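# Structural overview for review
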Amino acid sequence: MMKARQTFGLPAFVPVAALALAAGAHSLPAPAAQLGRQQDLTIINPTSKAKLWATLLYPTGGEAGKKHPVVVVIPGGLGFGSAAVRTPLSDELVQAGFIVGYFDPDGRGRSGGKEDYNGKVHQDGLHEFLKYLATLPRVEQNNVGLFSTSLGLVMAAGALARYPDDPPVKYFIDVEGPSDRFFVTKFDDPKFVGVFGHASKDESWWAEREAVSAIKRVRYPYLRIQKELDHVHGENKQHALDMVNAATHTKFGGQGQSPWTRINGPENEPNRTYSRPAAPKWLPARTGPQTLGWVREMAVLNISSSAMSNTGRWSEPVNISEVNSTFDDKGPAIAADGKMLYISSTRLGGEAIFQSAWEAGHWSSPRPLPPEINAGGAYDPSFTGDGKTMFFHSMRPGGHGGQDIWYSTLKDGSWTPPRNAGPNINTAAHEWTVSISADGTTMYFMARGREGNIQGSEDLWFARKVDGEWQKAERLPPPINTEHNEVCPWITADGKRLYFARMIFDGPRIAEHHIWVSEIVNGRPGPPVKLPAPVNLPGVRSCCPTLTADGKILCFAADRRSGVGRHDIWLSRLLE
């Protein structure tokens, strides 16, 4: 018999194959080939002293010594991990590079001990499993997430609340878990009460088994997945609202400590609370292909300890009346020091770029850029940090098809004849609303009709310049691009944030057109957050964000009622 491996401060863990199976464990099935290596083991629950079965599914191949993110799956009902190892979800997660963990709580499946109905004993067993994962060399210790379904929420939320930082967990995904004793028992339905043996009036028993109370103390990002018809409660989805309201940080009007919360996908705004009349968008059917994408999103989520403060607090926008007209004025670009403003306007009968200077406390009357720029039509300018290279889009002759990205340089006070950005950027489709990084080496733009876009939507693309040449552009991955239209990108001067506008449709109608922001970590944009009011307002279309180099002044276009034309340029300041 193999000796149990001892880890300082942790219980002993031994491979199940090496255990004396007198405890009644069944023989283990051979691991499915597509799952990679399967490691089976036991943990000792320090509270019950019971031996608990657990398993880890590893990705196949990969670099030697490479660390992987982990997802611990907690089945619903009175389910157990040994009955759920082989699922389409586990296959997808492993093939995507995740280690997947399952375990059997006390009294279930292959584990010893007594059934605890997701109470403190079960929570302590889950906690010991998480502690073990934190010691493994192939585990990315700062990227362990929990994924619970249905009643598994009670165990997961309880463990995370009682052990908030030991070990740290990166995120928690909850699929239709019941919020309180009433939803667990289906409002004291005799069939459900019979399963647990405790009606809702048993205060002491339910005190350790109500997720809505526990989630208030959970300090990790929380994603609630909820479909239109709940798997147990049908049309009654109030427990989904109760959970996200309880988890959302008090800084955002919630009751909890989570730095990031959301219901379902990016169609719903993170970090907000709900009343019944203002419900979020529900999933029309059971979760399926979306699930892997959500796990990936949470695994790369980067949340600041200041509770997702990256949206900032912005002043009431002011209409820049000196530069606006009764025509369509959009596509602003503000100079690094905030003293020169460029706008795009149709006031000359076609698309043209104008400039205005900040002089004596007001903006000067806009004047068009010279014919070298505007003669073939020009729109949405963007400048390198030194102001000497300008990118814009145009349908002028000499391009690759529709709208193309062009650029011009400032020499001896004049703009050179525009040059096309080339075939690695432009195609026969439409490429427009360009944003160039301050150092001129990274470009973001929007494309319509381009091969590779999601379901024919308008998507954001980016390209990098290497040795003076633009490399082939790539589409930004989810969660930036969605089935909606993502347009008007703007990369900040420090390269740490990507602003853009998202158009959400309700049939042929634009239901929402608002500005979002994403933090860029290690070169990858994270999950975007919609800017709050007063920048974004219901029923108002806001787009074309641009910021000064210090990030303290935001210019954008919007069709607010108090404007001069169809779209006007507005200015908002970051509040300290």
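Residues numbered from 1 in each chain as written. Predicted model: local features only at pLDDT ≥ 70, side-chain atom pairs only at ≥ 80, totals over all residues. Heavy atoms only, no water.

Helices and strands together make up the secondary structure of the protein chain, namely 10 helices and 33 strands. Looking at the 576 residues of the protein chain, the share that counts as buried comes to 56%. Taking the intrachain contacts of the protein chain between residues at least 6 apart in sequence as the baseline, contacts between residues at least 24 apart amount to 57%. For the protein chain, the exposed surface amounts to about 24300 Å²; the carbon and sulfur share of it is 53%. (Helix = DSSP H or I, 4+ residues; strand = E, 2+ residues; numbered from the N terminus. Buried < 20%, exposed > 50% of the residue type's maximum accessible area, 1.4 Å probe, protein only. Contact = heavy atoms within 4.5 Å. Areas by Shrake-Rupley, 256 points an atom, 1.4 Å probe, with all protein chains shown as cover.)

It is worth spelling out the sheet that holds strand β31 (residues 542-547) at this point. One open sheet holds the four strands; their spatial order is β10-β33-β32-β31, and the pairing between them is antiparallel. Bordering the open sheet on either side are β10 (318-319) and β31, each of which pairs with just one other strand. (Pairing = 2+ DSSP bridges.)

This part is about helix α9 (residues 290-299). Most of α9 sits out of view: seven of its 10 residues are buried. Buried within α9 are the following residues: Thr291, Leu292, Trp294, Val295, Glu297, Met298 and Ala299. On its buried face, α9 is in contact with β4 (68-74), α1 (88-95), β6 (139-149), β7 (171-175), β8 (222-225) and β9 (261-263).

Before going further, it helps to examine the state of the cysteines. If you walk through the whole model with that rule in mind, you get zero disulfides. Note on cysteine 488: no disulfide assigned, nearest cysteine sulfur contributed by cysteine 544 at a separation of 3.6 Å. (Disulfide = S-S within 2.5 Å.)

Looking now at helix α3 (residues 152-162). Extensive coverage of α3 is indicated by the burial of 10 of its 11 residues. Along α3, the positions that sit buried rather than exposed are Gly152, Leu153, Val154, Met155, Ala156, Ala157, Gly158, Ala159, Leu160 and Ala161.

Once that is clear, we can look at unusual backbone geometry. In this structure, proline 479 follows proline 478 across a cis peptide bond, with omega equal to 10°. Topologically, proline 479 is positioned in the loop between β25 (474-475) and β26 (485-491). With an omega dihedral of 15°, the bond running from alanine 533 to proline 534 counts as a cis peptide bond. Following the sequence through the fold, proline 534 ends up in the loop between β30 (529-530) and β31. Within the chain, aspartate 188 stands out as a residue other than glycine whose phi angle is a positive 60°. Along the polypeptide, aspartate 188 turns up in the loop between α4 (181-184) and α5 (190-196). Its identity is not glycine, yet asparagine 264 carries a phi of approximately 60°, on the positive side. Among the structural elements, asparagine 264 can be located in the loop between β9 and α9. Residue asparagine 264 is classed as buried on the basis of its relative accessible area, which comes to 0%.

All right, on to the packing of aromatic side chains then. For any pair of aromatic rings, geometry is given as the distance between the ring centres together with the angle between the planes. A full pass over the atoms with the stated rule returns 13 aromatic pairs. With a centroid separation of 5.9 Å and 70° between ring planes, the pair formed by tyrosine 117 and phenylalanine 196 is classed as edge-to-face. With tyrosine 117 in the loop between β5 (99-103) and α2 (120-133) and phenylalanine 196 in helix α5, this residue pair connects regions lying 79 residues apart in the sequence. Within the aromatic cluster, the residues linked to one another by ring pairs are Tyr117, Phe196, Trp205 and Trp206. Its end group placed over the ring of tyrosine 58, arginine 37 keeps NZ or CZ at 4.4 Å from the ring centre. In this structure, arginine 347 is placed above the aromatic ring of phenylalanine 354, and the distance from its NZ or CZ to the ring centre is 5.1 Å. (Phe/Tyr/Trp six-rings, centres within 6.5 Å; stacked < 30°, edge-to-face > 60°. Lys NZ or Arg CZ within 6 Å of the ring centre and 35° of its normal.)

Here we take up the pairing of strand β12 (residues 340-345). Summarising burial for β12: five of the six residues are buried, a large majority. As judged from the four bridges shared by strand β11 (residues 329-334) and β12, these two strands associate in the antiparallel manner. The residue bridging isoleucine 334 from the neighbouring strand is leucine 341, located in β12. Between β11 and β12, which pair antiparallel in sequence order, lie five residues; one of them, glycine 338, sits at a positive phi of approximately 75°.

Everything listed here is a matter of coordinates, which is why it stays silent on function.
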